[in-house]
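Each chain, written out:
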Amino acid sequence: MSVVRKYLLLAVVAYLCAVAVIVLSARLHPFKMYEQVRFVPAVEVTRLLSLGHPGFVADMLMSRVVLHSGSMMWLPLEFQFDSPWAYATMDLVTELDPRYLMAYTYPAMGMIYDFDDVHRARPIVDKGIEVFPDRWELPFWIGYAYYAYFHDYDTAAGYLWQAYNLPDAPRSFLSLMLSTLRQAGDYEKALVVIEQMYNEAEDDNLKMVYARRIIQLENLLTLQRLVRLFKEAKGRYPEDLQEMVRVGMIPELPRDPFGAVYRLDPESEALISLGSRK
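Being a predicted model, the structure only gives us computed values, none of them experimental.

A. Structural context of unusual backbone geometry. Residue histidine 151 is not a glycine yet carries a positive backbone phi of 55°. In this structure, histidine 151 sits in the loop between α7 (137-150) and α8 (153-164). For aspartate 168, which is not glycine, the phi torsion reads 65° and is therefore positive. Tracing the chain through its elements places aspartate 168 in the loop between α8 and α9 (174-184).

Structure representation (structure tokens):
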């Protein structure tokens, strides 16, 4: 047998042995994924163990939370996002490094896996708003979370309005804020937003639509104020909007520029809502 054939034979035998070892090892010790052990140490203990470098420890903890969140993209379904640990850890991060902007933003922007996470994120974001009062991202993301997950328009409108009035806030979310303010019944602030959208619009057709929206919001605001005045004077809400016409508070109900009708809704904060004609 030639030397070349001997080496080829040895190579094949070595390869087969390696395959056999791998197969046998997989059967004897099958691969299995285990849940990590996670806990949140007390902030005092963490500061002590940081040896004067709390910012470095904050970075390490932040990385752990981000990796845990990202792992949800590839881990089997039996592995779930550990929300209590993740949000408690992010709160610890903000205690170790109060100027860590992303530690306040990320909980509302990238860590929401269920409805309860929105409530977990809120106190962290509120703390961030106190530290960074000029950063529009903080109230925007928590406001959007309440809008998208809970349809809690009152809470969402409060945060989005706060973001809108901060320096460098983009105007790309004006439509979202307008919708939120209308749903919350804050027609006065909604008018401010739609008027800005009208002033910034360049297309004539779009400006025409916005002009009609302005009239609609003015009508809603007028009726809302009249219903509140009626309640103060009579101690009750009117039976319907026509009752305010009958008692002389308004000569006639305004006409909606889009053909909708205005309805009394005393069960809501808005008091007045839109309905379609039948």
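B. Structural view of α7. For α7, which comprises 14 residues, the first-to-last C-alpha distance of 19 Å matches the rise-based estimate of 20 Å (1.5 Å per residue) to within 8%. Those residues of α7 that fall on the buried side of the exposure criterion are Glu137, Leu138, Pro139, Phe140, Ile142, Gly143, Ala145 and Tyr146. In this structure, the buried residues of α7 make contact with α5 (101-109), α6 (115-131), α8 and α9.

C. Spotlight on the pattern of salt bridges. Taken as a whole and assessed by the stated rule, the structure comprises 11 salt bridges. The partner of arginine 120 in a salt bridge is aspartate 117, with the nearest N and O atoms 2.7 Å apart. Highlighted residues: arginine 120 and aspartate 117, both in helix α6, separated by 3 residues, approximately one helical turn. Residue arginine 120 is classed as partly exposed on the basis of its relative accessible area of 28%. Residue classification places aspartate 117 among the buried residues on the basis of a relative accessible area of 0%. Glutamate 137 serves as the salt-bridge partner of arginine 135, at 2.8 Å between the closest nitrogen and oxygen. Judged by relative accessible area, arginine 135 falls into the partly exposed class, the value being 34%. Through salt bridges with shared partners, a single ionic network connects Asp91, Glu95 and Lys127.

D. Representation of the nonpolar core in the model. Residues Phe173, Met177, Val193, Ile194, Leu217, Met244 and Ile272 are the most contacted members of the largest nonpolar core, which totals 39 residues. Counting residues per element, the ones that place at least two in this core are α8, α9, α10 (187-200), α11 (204-234) and β2 (271-275). The leading source of residues in this core is α11, at 9 residues. Residue contacts for isoleucine 194: discarding those within four places in its chain leaves Leu178, Tyr210, Arg213, Ile214 and Leu217. By size, the runner-up hydrophobic cluster in this structure holds 35 residues, among which are Val93, Ile129, Phe132 and Tyr159.

E. The packing of α6 against α7, seen in detail. Where α6 meets α7, the closest approach of the two axes is 9 Å, and the angle between their N-to-C directions is 160°. Put simply, α6 runs roughly antiparallel to α7. Relative to α7, α6 is oriented so that their crossing is left-handed. Taken together, the residues of α7 that come into contact with α6 (itself represented by Phe115, Val118, His119, Ala121, Arg122, Val125, Gly128 and Ile129) are Leu138, Pro139, Ile142, Ala145, Tyr146, Tyr149 and Phe150. Looking at the contact of α6 with α7 residue by residue, the class counts come to 12 nonpolar, 2 polar and 1 charged.

F. Broad picture of the packing of aromatic side chains. This model, assessed by the stated rule, comprises 13 aromatic pairs. Ring geometry for tryptophan 141 and tyrosine 144: centres 6.3 Å apart, planes at 85°, overall edge-to-face. Of this pair, tryptophan 141 and tyrosine 144 both sit in helix α7, 3 residues apart, which is roughly one turn of the helix. According to the relative accessible area criterion, tyrosine 144 is partly exposed, its value standing at 36%. Plain terms: the ring middles of tryptophan 161 and tyrosine 164 are 5.2 Å apart, the flat faces sit at 35° to each other, and that makes the pair tilted. Highlighted residues: tryptophan 161 and tyrosine 164, both in helix α8, separated by 3 residues, approximately one helical turn.

G. Molecular detail of the environment of histidine 53. As for its placement among the helices and strands, histidine 53 is situated in the loop between α2 (43-49) and α3 (54-71). Of the residues examined, histidine 53 reaches a relative accessible area of 51% and is grouped as exposed. In the structure, histidine 53 is positioned 42 residues away from glutamate 95 in sequence and 13 Å away in space, judged by C-alpha atoms.

H. How the structure looks around α9. Among all positions of α9, only Leu174, Leu176, Met177, Leu178, Thr180, Leu181 and Ala184 are buried. Where α9 is buried, its residues contact α7, α8, α10 and α11.

I. Geometry of the packing of helix α4 (residues 83-96) against α5. Where α4 contacts α5, the two axes come as close as 8 Å, and the packing angle between them is 160°. Relative to α5, α4 is oriented roughly antiparallel. At the point where α4 passes α5, the crossing takes the left-handed sense. Of the residues in α5, those touching α4 at Tyr87, Met90, Val93 and Thr94 are Ala103, Tyr104 and Pro107. Classifying every residue of the contact of α4 with α5 gives 6 nonpolar, 1 polar and no charged.

Scoring rules and cut-offs
- Residues numbered from 1 in each chain as written.
- Predicted model: local features only at pLDDT ≥ 70, side-chain atom pairs only at ≥ 80, totals over all residues.
- Heavy atoms only, no water.
- Helix = DSSP H or I, 4+ residues; strand = E, 2+ residues; numbered from the N terminus.
- Expected span 1.5 Å × (residues − 1).
- Buried < 20%, exposed > 50% of the residue type's maximum accessible area, 1.4 Å probe, protein only.
- Contact = heavy atoms within 4.5 Å.
- Salt bridge = Lys/Arg side-chain N within 4 Å of Asp/Glu carboxyl O.
- Core = buried A, V, L, I, M, F, W, Y, C linked by side-chain atoms within 4.5 Å.
- Axes fitted to C-alpha atoms, helices over the stretch in contact; angles between N-to-C directions.
- Parallel < 35°, antiparallel > 145°, perpendicular 65-115°, else oblique.
- Left-handed = near helix turned anticlockwise from the far one by under 90°.
- Nonpolar A, V, L, I, M, F, W, Y, C, P; charged D, E, K, R; others polar.
- Phe/Tyr/Trp six-rings, centres within 6.5 Å; stacked < 30°, edge-to-face > 60°.

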